[in-house]
Amino acid sequence: MKKIAAELLVERLIEWEVDTVFGLPGDGINGLTEALRRHQDRIKFVLVHHEEAAAFMATGYAKSTGRLGVCLATSGPGGIHLLNGLYDAKLDHQPVLALTGMQELQVLGTGYQQEVHLEKLFEDVAQYNVMVYTPVQIPTLVDLAVRSALVNHTVSHITFPNDVQLMDADTAAPGGPTPARAPSTSPIFILAPALPRDADLRRAAAVLNEGKKVVILAGAGAIGAADELRQAAELLGAPIVKTLSGKGSFPDDDPLSVGGLGLLGTLPAEKSMEECDTLFMVGTNFPFTKFLPESARTVQIEISPARAGNRVPTEVPLVGGARETLEALIPMLTRKTERVFLEDRQKEMKDWWNRMTAIADGSRNPIQPQYLMSLIDKYASDDAILSSDSGTIATWSARHWIVRGDRRFMLSGNLATMAPGLPYTIAAQHAFPGRQCIAFVGDGGFAMLMAELLTAILHELPVKIFINNNHCFGQILWEQMVLGFPEFGVRHSGIANFAAFAEANGAKAFRVEDSKDLEAAVKGALGHPGPALVDCLTNPDEPPMPAKVTYEMAKGFAEAFLHGQPHRVTIASTLFKDKIAEFKA
Ligand SMILES: Cc1ncc(C[n+]2csc(CCOP(=O)(O)OP(=O)(O)O)c2C)c(N)n1
Ligand SMILES: [Mg+2]
């Protein structure tokens, strides 16, 4: 069989050590699919049920491994389906390469079937974005696309006309009038040096050493730098606050940790920000500026010079990698003898954990979503990778999933899209076959891409899926009420039975309606050797309250009640029970 041009692309991906491609076939990519078939001993093709999921999987693969994620979709509709997942990668700075098909060259511009100019459509999402015209270009276009994705931590896109895919791989270069040879490059890549200048490190150390109340805010860029964060925090007497995307950067059970920041964060984290005089941001571009101090002196470690200093007036930006920069900075820090700022937060943290434990009450019915999350936390392994979704589930996992040991946490941080939880989990399980990979998702988010459960089953992946089935779009319901509006358009009539769907398709499934049955179901699912799903009916009236309830929020609730909020009696009783639980703590 003669080598086809599409094989040049697949072979080059293999040279870049790409081992997995997530995708779904179509007539726009039959050449690429054939190339993957011919090289299946060296590169795995993961067939999915929806291209959006393939893009989320590529993002989840990149997030969990730190390597390039690759997804593949056909021309027109297949490519269009990728978009949401690609924006997820772009906004969370993940290296992802999207491969799409294009109609054959001779019909382009004629309004042919499925003629969607994906290179134009993807202009905003893909930093490197190109169409292949002739086989000799292919290895170099792959090199440029992969390098751009890795260096810029973002999305690249190659669209490939289906006739060019099928051309002979050794089709002669067309040649032309310019003084250039056919492109020829190597699959090499080197990161820019990640260490700031010495003078900047000294300025940063001076600011941090002068601070009386220093707080560290660690983000996704600090993942992999836990030891260095600990050393710096120990010297500075600084509590470590984490962004949600950076939850995996530092253990929640470390005495220096005061949890997450923002609406779904902790009270000690909020207080750390309010009372500090110096803010030390490490690997974060945290967008919710209301939660950042207004007048603290600020030092920021940030890998991108364009993002350094984006959120608050910053005295010393340090452009570099979190780990390397901290390593260089630590010898310049002097240990603070005054530790009251940290100790006060540590005391508050004890109260916070008591509050959280009390609210995850296993004796209440309907089931508390916090109880579900805390049981998963209790029985999951110390190197489990948990992926969550946007919704109230993000709050429950932010607070009740305790990062300890080698545990990881992933969700769509900046796009905050629904539905990646399950695809991320599938991707993580492909990358780490020996680790427990868990999805903690809402009924809304799960329903969006529930066909991917079939992907997990068919690939015999032992993923664990926990559905917080509160049978509503809970997060939005509460947002409406905070605005003072009675809920509208946030509940389907009827309650889906996801356990029946899972069981019918060969997964181990549990449907839990009573708190007393939940512990056994969680243990049963986590202990099952194959794919398992727990469909847990939780209390739809449990609000994801911020650590500090503001006057505006209480006022909004009261107004929504006055304007005829339909479930006000049960909501009021839930709020009342939560308060009692907290007092009891
Ligand atoms: C793709 C997408 N559509 C809509 C939204 C707006 N949104 C954010 S959270 C949410 C509700 C999610 O419902 P569910 O998955 O059931 O989680 P719950 O909040 O009930 O725990 C919605 C509709 C979004 N973030 N992403
Ligand atoms: Mg829901």
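The shown structure was predicted, so the numbers you read here are calculated from the model rather than taken from an experiment.

Describe the overall build of the protein chain, and please don't skip the residues or the numbers.
Helix and strand counts for the protein chain come out as 22 helices and 18 strands. For the protein chain, whose C-alpha radius of gyration is 25 Å, the value lies close to the compact-globule estimate of 25 Å for 585 residues. C-alpha extents for the protein chain along the principal axes are approximately 80 × 65 × 45 Å. When the 585 residues of the protein chain are sorted by exposure, 53% land in the buried category. Long-range pairs, those at least 24 residues apart, make up 76% of the contacts in the protein chain with a sequence separation of at least 6.

Tell me what's going on with the sheet that holds strand β3 (residues 69–73), and back it up with residues and numbers.
Pairing in this open sheet of six strands is parallel, and the strands run β2-β1-β3-β4-β6-β5 from one edge to the other. Edge positions in the sheet fall to β2 (44–47) and β5 (126–131), since each has one partner strand and no second. Along the sheet, successive strands turn relative to each other by an average axial angle of 20 degrees, direction set aside. Sheet analysis places strand β1 (residues 20–23) next to β3, joined by two bridges and oriented parallel.

Describe the sheet that holds strand β9 (residues 257–260), naming the residues involved and giving the relevant values.
Judged by pairing direction, the sheet is parallel, and its six strands sit side by side in the order β9-β8-β7-β10-β11-β12 without closing on themselves. Edge positions in the open sheet fall to β9 and β12 (316–319), since each of these has one partner strand only. For this sheet the average axis-to-axis angle between neighbouring strands, irrespective of direction, equals 15 degrees. Looking at chain direction, strand β7 (residues 214–218) and strand β10 (residues 278–282) are connected through five bridges and run parallel. Counterpart to V214 in the pairing with β10 is T278. Contacts from helix α9 (residues 226–236) reach β7, β8 (240–242) and β10 within the one sheet, and its direction differs from that of β7 by about 165 degrees.

Account for the site of ligand 1, naming residues and giving values.
Taken together, 19 residues lie around ligand 1, and G391, T392, G442, G444 and G474 are the ones closest in. Those elements that place two or more of their residues in the shell around ligand 1 are α14 (392–400), α16 (443–448) and α18 (474–482). Split into classes, the residues belonging to the shell around ligand 1 amount to six nonpolar, 11 polar and two charged.

Pulling in residues and values, what's your account of helix α13 (residues 369–379)?
For α13, the buried fraction is high: nine of the 11 residues fall into the buried class. Buried within α13 we find P369, Q370, Y371, L372, M373, S374, L375, I376 and D377. Among the structural elements, α12 (340–359), α14, β15 (437–442), β16 (464–469), α20 (518–527) and β18 (532–537) are those in contact with the buried residues of α13.

The rules behind each value
Residues numbered from 1 in each chain as written. Chains lettered and ligands numbered in written order. Predicted model: local features only at pLDDT ≥ 70, side-chain atom pairs only at ≥ 80, totals over all residues. Helix = DSSP H or I, 4+ residues; strand = E, 2+ residues; numbered from the N terminus. Rg over C-alpha atoms; globule rule 2.2 N^0.38 Å. Buried ≥ 20, exposed ≤ 12 C-beta atoms within 10 Å, placed from the backbone. Contact = placed C-beta atoms within 7 Å. Pairing = 2+ DSSP bridges. Axes fitted to C-alpha atoms, helices over the stretch in contact; angles between N-to-C directions. Near = placed C-beta within 6 Å. Nonpolar A, V, L, I, M, F, W, Y, C, P; charged D, E, K, R; others polar.

By themselves, these are just geometric observations and shouldn't be taken as functional.
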